[in-house]
Every structure is written in structure tokens, then in C-alpha cells.
Amino acid sequence: MGAAARDIRLTHAHGIEAQRKTEDVDFAVMVNDWSQFASLRANLIASGYFSPRPGAATHKLHHLKSDLPLDIVPFGGIERSDRTIAWPPNGDAVFSCFGIREAFAATQWIHLPECSPIRVPSIAALTILKIAAWEDRKQSQPGKDAPDLLLYLRSYMDCDNFDRAATEHSDLFDAGDYDHNEAGARLLARDMANLLDEPAISLLLRILTPEADERGALLLAHQSGLDLEQARRLIAVVCNELASRA
């Protein structure tokens, strides 16, 4: 998941470059309980390929061969009813797992050169995760998530989706003021909705709807690096599609 999955899906598959380069590699790992996560971490370190990162949280390791930081994001049996996890031992650090289960269900096996096959989420699933990440970090890390999120929205049609849109979603081309990027964002919203239940769609709408209001602060648009109205319109068409399926 994260920027590494973004690069696999966009850059390597479709030649679409992101503004922000990958600084670490994030893996989501389904576990039954915290003892299973502790065992996984211990075994990774014991393998000799990974080391703890001094002063960092327990889920942050260092991959010695590539010299890249590695973040292991656990989910599954450790999640609480509000889709968060509280890190041991005292539970003070809380992390949102919203979208990870859905992303796992939408993964595909990818064969990378000189690498074992790995599961990589679809672009629709990565977009859901990115919306949740932006909501979580929009104040503490402004500009970290918005560019990637708007990149997914404005480039989705160019990710080998045009023929599918033409045959399965021909209404996207009926508008008199047809816009290629906005049509792709609408298709992306439909694909996102297919991965989510109604409460999850409602949660995304609570996050995005204020960002589509031209009278609002447009924080997401401002942080995206795009023209404000272009970004706002892309967000708005996603909201309209999601609302029609809520």
C-alpha cells in the first residue's frame, strides 16, 4: 500500500509520474492478534534482512539491502469497532484502519522483477486509503496526501479504463460539456462505491463534501497543487457519484 503501490499502479503500469517520490515502503498485514504481529516483527528482524529503526515505533523497520524504511501496518483481528487500532502497551497511539480490509479484498497479485508475487490494491482501493490518510494528516502533514489523491482522480481514465468506460459506462460521455478527467473521476467513484458498504460511502462523503463546496476553505484543493477550480470540480463529481450510491 502507500506510495510504493501507487508507483506500481501508475508509474510502472501506465507511465504516469507522481509529484512525490517514494520515501518508504508500506505493507499492510492481516493478523489475528497483537501476539501474531509481535511474532512477525521478531521473525523479520531475526532473518537478518531487517533491523529496528532507533527511536521509531515498533511497526517501523529498516530494510538493509535496499536501505529503505519499512512500515508494517497491521489490521484484521486487532481492529476495534470504530475501525481503529490502539498500539500496545498502553493504547495511547491510535491508527485508523478504514479502507484496509476493502483494499485487501480488491488486491491483485503482481509479479515484480526478481521478487516474489505480492498483493497490490487496485487504484480505486488506493484512492479510498488516500482519502482516509488525508483526513487523518491534513493538518499535521499538509501536502503529503492531497497531490496523490488528485492524481488518482484526474488520471483514472488513462489507466486503461477508456474502453471499459465506453462499453460499460457510456453515460459518462453523454454530457455536452464532456471533460476527460472528470469522466475518469466519475468512473473511479463508481469503482470505489463497488468496494464499500453504505456506512463507508457516507464516511467518505463526510470527508469530501465540504471540500467540494466553492464557498468553503477548499483545503484539499489548496494542498493538491492543482488549479483550485479544477481540483474542486474533480472532488465534486466524485461526491455526486458517491452520493448517488449511498
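Please read all numbers here as calculations on a predicted model, not as lab measurements. (Residues numbered from 1 in each chain as written. Predicted model: local features only at pLDDT ≥ 70, side-chain atom pairs only at ≥ 80, totals over all residues. Heavy atoms only, no water.)

**Q** What is the right way to read the overall build of the protein chain from this model?
**A** Secondary structure assignment for the protein chain yields 10 helices and eight strands. Computed over the C-alpha atoms, the radius of gyration of the protein chain is 19 Å, within 12% of the 18 Å expected from 2.2 N^0.38 for a compact globule of 246 residues. By principal-axis analysis of the C-alpha atoms, the protein chain measures approximately 60 × 40 × 30 Å. Sorting the 246 residues of the protein chain into buried and exposed places 46% on the buried side. Sequence separation of 24 or more characterises 56% of the internal contacts of the protein chain that already satisfy a separation of 6 or more. In the form shown here, the protein chain has an accessible surface area of approximately 12,500 Å², with 51% of it arising from carbon and sulfur atoms. Placing the 25 positive and 35 negative side-chain charges of the protein chain at their respective mean positions leaves the two points 4 Å apart. (Helix = DSSP H or I, 4+ residues; strand = E, 2+ residues; numbered from the N terminus. Rg over C-alpha atoms; globule rule 2.2 N^0.38 Å. Buried < 20%, exposed > 50% of the residue type's maximum accessible area, 1.4 Å probe, protein only. Contact = heavy atoms within 4.5 Å. Areas by Shrake-Rupley, 256 points an atom, 1.4 Å probe, with all protein chains shown as cover. Lys, Arg positive; Asp, Glu negative; His and termini not counted. Charge placed at Lys NZ, Arg CZ, Asp CG, Glu CD.)

**Q** Sorry, what's going on with empty space enclosed by the protein here?
**A** Over the atoms, a rolling probe the size of a water molecule traces out where space has been left empty. Taken as a whole, this structure holds one cavity of 30 Å³ or more when the rule is applied. Considering only enclosed or pocket space, the largest cavity measures out at about 40 Å³ in volume. In this structure, the largest cavity is lined by I131, L149, L153, L208, I235 and V238. Of all elements in the fold, only α5 (146-155) and α10 (228-243) reach the threshold of two or more residues within the lining of the largest cavity. (1 Å grid on protein atoms, 1.4 Å probe; cavity = no way out; pocket = protein on both sides within 12 Å on 5 of 7 lines; lining within 4 Å. Points joined across faces, edges and corners; volume = space filled by probe spheres on them.)

**Q** Would you mind going over the sheet that holds strand β2 (residues 50-52) with me for this structure?
**A** The strands making up a sheet associate through backbone hydrogen bonding, with each pair oriented either parallel or antiparallel. Taken together, four strands build an open sheet; the order of strands is β1-β4-β3-β2 and the sheet is mixed. Of all the strands in the sheet, just β1 (25-31) and β2 have a single pairing partner and so form its edges. If you compare each strand with its neighbour and ignore which way they point, the axes differ by 35 degrees on average. Here β2 pairs with strand β3 (residues 60-63) via three bridges, running antiparallel. Within β3, the position partnered with S51 by the bridge is H62. (Pairing = 2+ DSSP bridges. Axes fitted to C-alpha atoms, helices over the stretch in contact; angles between N-to-C directions.)

**Q** How should I be thinking about the environment of A86 in this particular structure?
**A** Structurally, A86 can be placed in strand β5 (residues 84-86). Along the primary structure A86 and S96 are separated by 10 residues, whereas in three dimensions their C-alpha atoms are 9.0 Å apart. Apart from residues no more than four positions distant in its own chain, A86 is found in contact with W34, R80, G91, A93 and V94.

**Q** What am I meant to see in the pattern of salt bridges here?
**A** According to the stated counting rule, one finds 20 salt bridges in the structure shown. Of the charged contacts in the structure, one is a salt bridge between E79 and R101, with a shortest N-O distance of 3.2 Å. Remark: R101 occurs in helix α3 (residues 100-105) and E79 occurs in the loop between β4 (68-76) and β5; sequence separation between them is 22 residues. For E241, the salt bridge goes to R186, with nearest N and O atoms at 2.7 Å. Of the two residues, E241 is situated in helix α10 and R186 in helix α7 (residues 180-193); the sequence distance between them amounts to 55 residues. Counted as one network, the salt bridges with shared partners bring together R6, D7, K130, R137, D145 and D148. (Salt bridge = Lys/Arg side-chain N within 4 Å of Asp/Glu carboxyl O.)

**Q** Sorry, what's going on with the layout of surface pockets here?
**A** One number sums up the size of the largest pocket: a volume of about 1,100 Å³. If you go around the largest pocket, you meet 38 residues; those closest to its centre are V25, F27, L70, C115 and I118. When residues of the lining of the largest pocket are traced back to their parent elements, those giving at least two are α1 (2-14), β1, α2 (34-46), β4, α3, β7 (107-110) and β8 (118-121). Of the voids in this model, the second largest pocket is the one considered here, and its volume is about 830 Å³. What lines the second largest pocket is a set of 34 residues, and nearest its centre among them are D26, D71, V73, F95 and R137. Elements with a minimum of two residues in the lining of the second largest pocket: α1, β4, β6 (94-96), α4 (123-137) and α5.

**Q** How should I be thinking about α5 in this particular structure?
**A** Side chains three or four residues apart in an α-helix point the same way, a direct result of the helix having 3.6 residues per turn. Within α5, nine of the 10 residues are buried, which leaves it mostly tucked inside the rest of the structure. Every buried residue of α5 is accounted for by A146, P147, D148, L149, L150, L151, Y152, L153 and S155.

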